[in-house]
Amino acid sequence: MTTGMIRLGKCRRIVVKVGTSSLTHSTGKIDLRRMELLVRQVADLSNGGREMILVSSGAVGAGMGKLNRSSAPRTLPEKQALAAVGQGGLMHLYEKLFAEYDRHVAQLLLTRDVFAVPRRYLNVRNTLAALLEFGAVPVINENDPVAAEELRFGDNDTLAAAVAVAADADLLVILSDIDGLYDADPRRNPQARIIPVVREVTEEMLASSRSKGSAVASGGMCTKLLAARMTMACGIPLVIASGGAEDPLRRILAGEGLGTLFVPRGEGYRSRRRWLAAGSAPAGKIRVDSGAARILGRGGRSLLPSGVVAVEGRFERGDVVAVVAPEGREVVRGIVNFSAPEVARIAGRHSHEIEALLGRCDYDEVVSRNNLVLV
């Protein structure tokens, strides 16, 4: 636990998922006090130098409140309609509350296919990186109003885990109406005790947790455990804690041991970076000069067109490419921002020349540092 707490205190990029029950009253209407407290915590951590991403439920509940509906939606079209009514109001509140702390928000509505299609995945990674660099707080939700059944996450716990992996987050915090994982159902067993640290999500845990949350919520403890299994496999710690606790985010990062900490199996690359380094077959190669190879080999730098010497193979934007030194040694591997013919045209040129050469300039880098991994 001590090791975990030390790591949590050093976390810089944090994804916070807040559930419907933590944002709404039992009537379905938004709980303004809780929402303001959440925004204050996120803004304060952001002011302290941390990069904060918020995955927020509540659109369906907000829609129920607006339309004065007391019963949960029974069908997918009903849920999508309520989300369409509520999402705008939810974001308006976030924008207003964050503005009081001089913070800007950005809305991202995602579906499952975004994380499966390389080009869309690349767009999400680059957009998140740019927003965080601007100092904005991304507020993410599932795109319920338009998502077909096969493209839906179904719950924001899974979405939050996918976002944490895509963003290379240092920590995922799930704030819920329960204060952690218990060794028994606390609603039935008053002797149930909270489990402070979990190092493996077992099938027994999943089998005993298959219950849904509130009438409006789409998840329960099972979806949170599945999210923990995903992040742990990717080297990202996860904390489940009560959204109703006093200053839960500050206390978690201060090492108070609030809720349940799910400890990843080890350090190393996040899953996407492990896939880049070992599990992906490069679609082509980009040869760079010795200076670019030396800089890239130190890590933390993007590949600019000025360092490119030649292109080998056929690849499209969003494909994985190997970046090789003059002697043929692979230095880094990454997701490329341009197709092979486009890289060939801008090779050896400066970034400010890209638009004149290609007729557009979506990126200044051939491969962004966020999408590069040392081999």
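These numbers were taken from a predicted model, which means no experiment stands behind them. (Residues numbered from 1 in each chain as written. Predicted model: local features only at pLDDT ≥ 70, side-chain atom pairs only at ≥ 80, totals over all residues. Heavy atoms only, no water.)

1. Concerning the overall build of the protein chain
Quick reminder of the rule: Secondary structure is summarised from DSSP: a helix means a run of H or I of at least four residues, a strand means a run of E of at least two, and numbering begins at the N terminus for each. Two residues qualify as a contact provided that any one of their heavy atoms is within 4.5 Å of a heavy atom in the partner residue. Residue burial considers only the protein chains on display, and all accessible areas are found by Shrake-Rupley using a 1.4 Å probe.
Scanning the protein chain for helices and strands turns up 14 helices and 13 strands. Taking the intrachain contacts of the protein chain between residues at least 6 apart in sequence as the baseline, contacts between residues at least 24 apart amount to 72%. Here the protein chain displays about 16900 Å² of accessible surface, and carbon together with sulfur accounts for 50% of that area.

2. Quick look at the confidence of the model for the protein chain
To keep it simple, the criterion reads: Confidence of the predictor at the level of single residues is given by pLDDT, which spans 0 to 100.
Taken as a whole, the protein chain shows an average pLDDT of 85; of its residues, 88% reach a score of 70 or greater. Confidence scores differ between elements of the protein chain, with helix α11 (residues 271–279) showing the lowest mean pLDDT of 52 and helix α13 (residues 340–346) the highest of 97. Note that residues 1–6 has pLDDT below 50 and, in this model, 11 contacts with residues that lie over four places away or in other chains. The model gives residues 212–218 a pLDDT under 50, and that stretch makes 17 contacts with residues more than four places away or in other chains.

3. So, the sheet that holds strand β10 (residues 308–313)
Worth spelling out the cut-off: DSSP calls a pair of strands paired once it identifies at least 2 bridges connecting them. Axes here refer to lines fitted to C-alpha atoms; in helices the fit is confined to the stretch in contact. Angles between the N-to-C directions go from 0 to 180 degrees.
Overall, mixed pairing links the 5 strands, which are arranged β10-β9-β11-β12-β13 in an open sheet. Each having just a single partner strand, β10 and β13 (372–374) make up the two edges of the open sheet. Along the sheet, successive strands turn relative to each other by an average axial angle of 25°, direction set aside. Pairing between strand β12 (residues 330–335) and β13: 3 bridges, direction antiparallel. Directly across from Gly334, in β13, lies its bridge partner Leu372.

4. Observations regarding the environment of Phe338
Take Phe338: it is sitting in the loop between β12 and α13. Taking the C-alpha atoms as reference points, Phe338 and Val366, 28 residues apart in sequence, are found 6.5 Å from one another.

5. Concerning the pattern of salt bridges
So the rule is basically this: One speaks of a salt bridge when a side-chain nitrogen belonging to Lys or Arg is within 4 Å of a carboxyl oxygen belonging to Asp or Glu. Buried residues are those whose accessible area, probed at 1.4 Å on protein chains only, stays under 20% of the maximum for their type, while exposed residues exceed 50% and partly exposed ones sit between those limits.
In total, this model carries 17 salt bridges according to the counting rule given. The partner of Arg12 in a salt bridge is Glu51, with the nearest N and O atoms 3.4 Å apart. Taken together, the residues span a long stretch of sequence, with Arg12 in the loop between α1 (2–9) and β1 (13–18) and Glu51 in strand β2 (residues 51–56) at a distance of 39 residues. On the basis of relative accessibility, which here comes to 45%, the residue Arg12 falls in the partly exposed class. With its nearest N and O atoms 3.3 Å apart, the salt bridge here joins Asp168 to Arg125. Of this pair, Asp168 sits in the loop between α7 (156–166) and β5 (171–176) while Arg125 sits in helix α6 (residues 118–134), and the two are 43 residues apart along the sequence. The same class applies to Asp168 and to Arg125, which are both buried. Through salt bridges with shared partners, one network takes in Arg12, Arg13 and Glu51.

6. Side note on the nonpolar core
Note the cut-off: Side-chain atoms within 4.5 Å link the members of a nonpolar core, which is a set of buried Ala, Val, Leu, Ile, Met, Phe, Trp, Tyr and Cys residues.
With 42 residues, the main nonpolar core has Leu110, Phe115, Ile140, Val163 and Phe262 as its most contacted residues. Once residues lying within four places of it in the same chain are set aside, the contact partners of Ile140 are Ile53, Leu54, Val55, Ser56, Leu108, Leu110, Leu128, Leu159 and Val163. Counting 40 residues, the second-largest nonpolar core is a separate cluster that includes Met91, Val139, Leu171 and Val239.

7. Some words on the side chain of Asn143
Inspection of the secondary structure assignment puts Asn143 in the loop between β4 (137–142) and α7. Leaving out residues up to four positions away in the same chain, Asn143 has contacts with Leu109, Leu110 and Thr111.

8. Some details on the environment of Ala72
With respect to the helices, strands and loops of the structure, Ala72 is situated in the loop between α4 (59–66) and α5 (76–99). With a relative accessible area of 24%, Ala72 lands in the partly exposed category.

9. Quick notes on the packing of α4 against α5
As a reminder of what qualifies: Put simply, angles under 35 degrees are roughly parallel, angles over 145 are roughly antiparallel, angles from 65 to 115 are roughly perpendicular, and the rest are oblique. Residue polarity follows a fixed list, in which Ala, Val, Leu, Ile, Met, Phe, Trp, Tyr, Cys and Pro are nonpolar, Asp, Glu, Lys and Arg are charged, and the others, Gly among them, are polar.
The N-to-C vectors of α4 and α5 enclose an angle of 90°; their axes lie 6 Å apart at closest approach. The orientation of α4 with respect to α5, classified from their angle, is roughly perpendicular. Between α4, through Ala59, Val60, Ala62, Gly63, Met64 and Lys66, and α5, the contact on the second element is made entirely by Lys79, Leu82, Ala83, Val85, Gly86, Gln87, Gly89 and Leu90. In the contact of α4 with α5, the residues fall into 8 nonpolar, 4 polar and 2 charged.

10. Considerations on the sheet that holds strand β7 (residues 238–242)
Read across the open sheet, the 8 strands follow the order β3-β4-β2-β1-β5-β7-β8-β6; overall the sheet is mixed. Only two strands of the sheet have a single partner each, and these edge strands are β3 (105–110) and β6 (197–198). Bridge analysis of β2 against β4 gives 2 bridges, and the strand direction is parallel. Residue pairing for β4: Val55 is matched across the bridge by Ile140.

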